[in-house]
Amino acid sequence: MSVNKNLAFSFFICIVVFPLCHAQIQARKMVAKRLSQPPVIDGDVTDAVWQELEVSGQFFDPAKGNLAEEDTEVRIGYDDKAIYLAWVCHDSKPDQISAKEITPGASLEGDDFVGLWLEPYFTRQAQPSVFRVNARGNRHEVIAGGRAGKREWIGDWQSAAKIVSDGWQAEMRIPWEMIDYPRKSGPINMTVNFVRKNLRLNNRTYWSNIGLQGLPEHDGIWEGVQPPTSQKKEKPLLLAYISGEAERKQVSAKMGLDIKQKLRNDLTAVGTLFPDFENIEQQIENSTFTHSERFYGDARPFFAEGADRLNLTSQYGIGRLFYSRRIGQIDAGAKVYGRLDSKTPVGAFVVAGKQGEYDGAFQIERQEGSTLSTAAFGTISHTHAGNELVVGSTLSKRMGNYTATGDVALLDNDGTKTGSYSASLDYSVPKIFSTTRYTSSPKNFNPRLALLNKIDAFGAYNFTQYETELPKGRIQYVHADVSVDDFKHYNGSNYQKGIEGSFGIQTRDQQNVSISRESRRYDTAYDNVTTVNYHFHPNDRFNQFGIGHAWGERQGSKYALTRAVMSRRVLRKIDAGLQYTVQDFNGKYEQYVFTGSYEIDDHRSISARAVRTGDKWNPYIAYRNSGKKGNELFVIFGDPNADSFKSRLVVKYVMPLG
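Residues numbered from 1 in each chain as written. Predicted model: local features only at pLDDT ≥ 70, side-chain atom pairs only at ≥ 80, totals over all residues. Heavy atoms only, no water.

1. Some thoughts on the pattern of salt bridges
Pairing is possible between side chains of opposite charge, provided their charged atoms come close. Taken as a whole and assessed by the stated rule, the structure comprises 36 salt bridges. In this structure, aspartate 298 and arginine 300 form a salt bridge, with 2.8 Å as the shortest nitrogen-oxygen distance. Judged by its relative accessible area of 17%, aspartate 298 is buried. When the shortest N-O distance is used, the salt bridge between aspartate 485 and arginine 520 registers 2.7 Å. In this pair, aspartate 485 sits in strand β28 (residues 475–488) while arginine 520 sits in strand β30 (residues 511–522), placing the two residues 35 residues apart along the sequence. Arginine 520 carries the same exposure label as aspartate 485, and that label is buried. (Salt bridge = Lys/Arg side-chain N within 4 Å of Asp/Glu carboxyl O. Buried < 20%, exposed > 50% of the residue type's maximum accessible area, 1.4 Å probe, protein only. Helix = DSSP H or I, 4+ residues; strand = E, 2+ residues; numbered from the N terminus.)

2. Thoughts on the environment of asparagine 265
Mapped onto the elements, asparagine 265 comes out in the loop between β15 (250–264) and β16 (267–273). Exposure remark for asparagine 265: the relative accessible area of 8% places this residue in the buried category. Distance from asparagine 265 to threonine 379, taken between C-alpha atoms, is 27 Å for residues 114 residues apart in sequence.

3. Topic: empty space enclosed by the protein
This model, assessed by the stated rule, comprises 1 cavity of 30 Å³ or more. For the largest cavity, the calculated volume is near 40 Å³. Around the largest cavity sit Ala68, Glu69, Glu70, Arg196, Lys197, Asn198, Leu201, Asn203 and Thr205, which together line it. At the level of elements, β11 (188–198) and β12 (203–206) are the ones that each hand at least two residues to the lining of the largest cavity. (1 Å grid on protein atoms, 1.4 Å probe; cavity = no way out; pocket = protein on both sides within 12 Å on 5 of 7 lines; lining within 4 Å. Points joined across faces, edges and corners; volume = space filled by probe spheres on them.)

4. Considering the pairing of strand β35 (residues 588–599)
Here strand β34 (residues 574–584) pairs with β35 via 11 bridges, running antiparallel. Within the sheet, the bridge partner assigned to alanine 576 lies in β35 and is glycine 596. Hairpin geometry of β34 and β35 is characterised by an intervening segment of 3 residues between the two adjacent antiparallel strands and by a positive phi of about 50° at asparagine 586. Here 9 bridges tie β35 to strand β36 (residues 604–613), and the two strands are oriented antiparallel to one another. Counterpart to threonine 595 in the pairing with β36 is arginine 609. Hairpin connection from β35 to β36: 4 residues lie between these consecutive antiparallel strands. (Pairing = 2+ DSSP bridges.)

5. Details of the nonpolar core
Ile83, Leu85, Trp87, Leu116, Phe194 and Trp222 are the most contacted members of the largest nonpolar core, which totals 38 residues. Every element with two or more residues in this core is listed here: β4 (72–78), β5 (82–90), β6 (113–119), β7 (129–134), β10 (167–175), β11 and β13 (220–225). When residues no more than four places from it in sequence are discounted, the contact partners of leucine 116 are Ile76, Leu85, Trp87, Ser129, Val130, Phe131, Ile174, Val192, Asn193 and Phe194. Counting residues in each nonpolar core, the second largest holds 23 residues, with Phe277, Phe302, Ile318 and Phe377 among its members. (Core = buried A, V, L, I, M, F, W, Y, C linked by side-chain atoms within 4.5 Å. Contact = heavy atoms within 4.5 Å.)

6. Quick notes on the sheet that holds strand β9 (residues 158–164)
What links the strands of a sheet is backbone hydrogen bonding, and the strands pair in either a parallel or an antiparallel sense. One open sheet accounts for 4 strands, arranged β4-β5-β10-β9; its pairing is antiparallel. Whereas interior strands pair on both sides, the edge strands pair on one side only; in this sheet they are β4 and β9. The average angle at which neighbouring strand axes cross in this sheet is 10°, direction not considered. Sheet topology places β9 next to β10; 7 bridges connect them, and they run antiparallel. When the bridges of β10 are listed, glutamine 158 appears paired with arginine 173. (Axes fitted to C-alpha atoms, helices over the stretch in contact; angles between N-to-C directions.)

7. Looking at the pairing of β30
Regular strands have side chains that alternate between both faces of the sheet. For strand β29 (residues 494–507) and β30, the ladder comprises 11 bridges, and the chain directions are antiparallel. Residue glycine 498 lies in a different strand from β30, and its bridge partner there is arginine 520. Linking two consecutive strands that pair antiparallel, namely β30 and strand β31 (residues 525–536), is a turn of 2 residues; a positive phi of about 55° is found at aspartate 523 within it.

8. Some points on the packing of aromatic side chains
In total, this model carries 22 aromatic pairs according to the counting rule given. When the ring of tyrosine 78 is compared with that of tryptophan 176, the centres are 6.3 Å apart and the planes differ by 85°; the resulting orientation is edge-to-face. Note that tyrosine 78 is positioned in strand β4 and tryptophan 176 in the loop between β10 and β11, a separation of 98 residues in sequence. A residue is classified by how much of its surface remains accessible, and tryptophan 176, at 1% relative accessible area, is buried. Plain terms: the ring middles of phenylalanine 289 and phenylalanine 585 are 5.0 Å apart, the flat faces sit at 65° to each other, and that makes the pair edge-to-face. Highlighted residues: phenylalanine 289 in the loop between β16 and α3 (301–304) and phenylalanine 585 in the loop between β34 and β35, separated in sequence by 296 residues. With a relative accessible area of 12%, phenylalanine 585 lands in the buried category. Put simply, the rings of Phe277, Phe302, Phe303, Phe322 and Phe349 touch in pairs and so form one group of aromatic residues. The aromatic ring of phenylalanine 277 is capped on one face by arginine 300, whose charged end is 4.8 Å from the ring centroid. (Phe/Tyr/Trp six-rings, centres within 6.5 Å; stacked < 30°, edge-to-face > 60°. Lys NZ or Arg CZ within 6 Å of the ring centre and 35° of its normal.)

9. Quick word on the environment of glutamate 500
Position of glutamate 500 among the secondary structure elements: in strand β29. Relative accessible area serves as the criterion here: at 27%, glutamate 500 is assigned to the partly exposed category. In this structure, the C-alpha to C-alpha distance between glutamate 500 and aspartate 331, residues 169 residues apart in sequence, is 45 Å. Contacts of glutamate 500, omitting those with residues within four sequence positions, involve Asp481, Val482, Ser483, Arg517, Glu518 and Arg520. Of the polar contacts made by the side chain of glutamate 500, one reaches the side chain of arginine 520; its length is 2.8 Å. (Polar contact = N/O pair within 3.5 Å; in protein donor to acceptor, adjacent residues only side chain to side chain.)

Below you can see the structure in the form of structure tokens.
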């Protein structure tokens, strides 16, 4: 069967054959209750004040379609200062509760944890803020809109937990000042849900059943909440730094300033002056073969803050029209992000560099109910090479099991104008997801700040995925997917055409095995590659191992790629890791990444990394003392982002002003 027929057949399956209905799920409700006094956050849920609150009721396991195997109880209340939660997590095997993670801000995926999902605007489609606590009280948060890794910018909240004879229990205190919420008087409804991960059972259970599709309208409703209507005018948070650097008998010093100001309870401004980017550890880039440029995350605080408000387009359509790593060192920057009202998220920034260069981007979105969103966006870039302006819009509409999405973008490059667009139709029911997308992106559409999916190409692809959980036996999850695509250059010649499929299983003791096969023609050369992967405890950074091997041909030449990853915790507080990559394709490429860290306590740590790529080595070691009301001390030997080792010593001190 040809690729064109495969595409047509997949589209037919997506539209006609899959069932059109699924079981109705009702969102649960809980009436908000104001506490008479704040509880003590110590992990002991026997405080009398907790008895003022309604108990959640049993949790649900959406993967199995029944009530949770291990029961969970949660209570939630509030006052004018904060939101408070008490959790009781029953466990028939408390000796198998995992509570290893001690690093604040770590993902907690390798532990038992509980979490609060909170979306105060009740849009029923916005991403919630998430607050997690593991069974030893360590916390992790993801604040809606995106936040940098600065504790002072995120805000501070309290948690405590302890393991007891029949499970474990936890408490949380989340200040209102950490959360954006509507500027309204009187009671409001908020989207809320409670989640528990049981590592032994390898499952997540929820208070309000979100179903296998995870639809936001199935999250729960916290009714009649009255958050503080007026907050005292906050002073701007100023974090100044001074650093000294010694390299090869040369000594230098520099200073900079970061500013954050909450303009109101749903709108925030940040600024930076001579920021220190070179000492921020970025994701390691890899030079193995790829048909398109890879995406790497950005750890720089200015760009991480409010980043979710500047996700202009999907990476799977036109591509990312704003990719912050296109921007290097800057001298100054300003950003505003948040909401104009409950339905209108916004984000905008501008940065200035040397010799009058500047870059900027904006997005304003409109969310109507749980099924419709529209957005307008743009980027601007001025360099010595010329001026660029991009403007565009997106629309997404969900209709039952279907979601239609469209993106269009127009580029003006010093008077030369062109445009790109993409449209997709998704189909989603429990266990099955399918998407069909058409994209057109001409050769001269390549904005400087963008990371595009394809250039000089038009065509379509379909991706269909099936996954299910088995009720018993050693195998817990099974998944399979297939994708077919057919893209051409604008001159009519082949760009990309082929098919790829994969199949995998996950066992109940968290072992993943998968196999995939790709057969595609890129331009005039063929790729025929088979890949197998094995991963043991992929989410447990204290005890994981994975290995994968791919072989076949790429671009008509013999190809082989092996990757391995391993990480372990030793001596209770020392974490060590190794990543290894070797590629045999028109020559040999090897990369080793060694990592290590020692958590002295909640504030102090020592970390190290050594990267060997080919015959180049780049090790560095760093000491950090942080978390004390904004005061931070860094000592770094080496350069975390260099290609090879630099005999360089940096001492950096960050202090709050005012």
